[in-house]
Amino acid sequence: MFVTYKKIAFLVPRPNMSRENFLNHWRLRHGPLVANSPNYGNWRNRYVQNHVEGDGPVGKSFLFAGMAEFWLPGNSPNEDEFSKSETYRLHIALDEINFINMSETISMTAVEEIVLQGDAAI
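The sections below set out a description of the structure shown in this document. (Residues numbered from 1 in each chain as written. Predicted model: local features only at pLDDT ≥ 70, side-chain atom pairs only at ≥ 80, totals over all residues. Heavy atoms only, no water.)

In terms of helices and strands, the protein carries three helices and four strands. Secondary structure of the protein in N-to-C order comes out as β-α-β-β-α-α-β. Scaling as 2.2 N^0.38, a compact globule of 122 residues should have a C-alpha radius of gyration of about 14 Å, and the protein matches this with 15 Å. Dimensions of the protein, computed from C-alpha atoms along their principal axes, come out at roughly 45 × 40 × 25 Å. Relative to its 122 residues, the protein shows a buried fraction of 38%. Long-range contacts, defined here as pairs at least 24 residues apart, represent 76% of the contacts in the protein between residues at least 6 apart. For the protein, the exposed surface amounts to about 8,000 Å²; the carbon and sulfur share of it is 53%. For the protein, the separation between the mean place of its 11 positive charges and that of its 14 negative charges on side chains is 4 Å. (Helix = DSSP H or I, 4+ residues; strand = E, 2+ residues; numbered from the N terminus. Rg over C-alpha atoms; globule rule 2.2 N^0.38 Å. Buried < 20%, exposed > 50% of the residue type's maximum accessible area, 1.4 Å probe, protein only. Contact = heavy atoms within 4.5 Å. Areas by Shrake-Rupley, 256 points an atom, 1.4 Å probe, with all protein chains shown as cover. Lys, Arg positive; Asp, Glu negative; His and termini not counted. Charge placed at Lys NZ, Arg CZ, Asp CG, Glu CD.)

Put into structure tokens, the structure is as follows:
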């Protein structure tokens, strides 16, 4: 059976950073930086940013400003190796600290199971 591993991260802005500034940095600076990092394709097949719009459930404030999804190549999670790679350490991690509150951000590795294959754009 083919298994698709993905990393999901719920991102929190740095303290005293507006949601608008966070989203602008994430969209306009960090996204292109990640996509153009050397050898990034060896570690991730796809990178998607999900920007939260409005309040959380039932009108309550929502801690997270967005959710990032990363599809991992191969048959196993590669987080330990990726976090030690030059791609992450010398490119991506250096920018994450500029806009992400790393101590409040939550991430996990998951197995993707498609329940209903739709015809939406990829």
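The discussion continues.
What follows covers the pattern of salt bridges. Scanning all chains against the criterion turns up five salt bridges. Glu79 is the partner of Lys7 in a salt bridge, and the nearest nitrogen-oxygen pair spans 3.1 Å. Placement of Lys7 in strand E1 (residues 4–11) and of Glu79 in helix H2 (residues 79–84) is noted, with a sequence separation of 72 residues between them. Accessibility classification places Lys7 together with Glu79 in one group, the buried group. Two residues, Arg44 and Glu79, come together in a salt bridge whose shortest N-O distance is 2.7 Å. One end of the pair, Arg44, is in the loop between helix H1 (19–35) and strand E2 (46–51); the other, Glu79, is in helix H2, and 35 residues separate them in sequence. For Arg44, a relative accessible area of 5% gives the class buried. Judged by its relative accessible area of 18%, Glu79 falls in the buried class. Beyond isolated ion pairs, a larger network of salt bridges with shared partners links Lys6, Glu69 and Glu112. (Salt bridge = Lys/Arg side-chain N within 4 Å of Asp/Glu carboxyl O.)

Here the focus is the environment of Asn75. For Asn75, the position within the fold is in the loop between strand E3 (66–72) and H2. Sequence spacing of Asn75 and Tyr5 is 70 residues, and the spatial spacing of their C-alpha atoms is 7.4 Å.

Our next topic: the sheet that holds E2. With antiparallel pairing, four strands are arranged side by side in an open sheet as E2-E3-E1-E4. The sheet is open, and its two borders are formed by E2 and strand E4 (106–112), each paired with just one other strand. In this sheet, neighbouring strand axes are inclined to one another by 20 degrees on average, regardless of whether the strands run parallel or antiparallel. Across six bridges, the pairing between E2 and E3 is antiparallel. (Pairing = 2+ DSSP bridges. Axes fitted to C-alpha atoms, helices over the stretch in contact; angles between N-to-C directions.)

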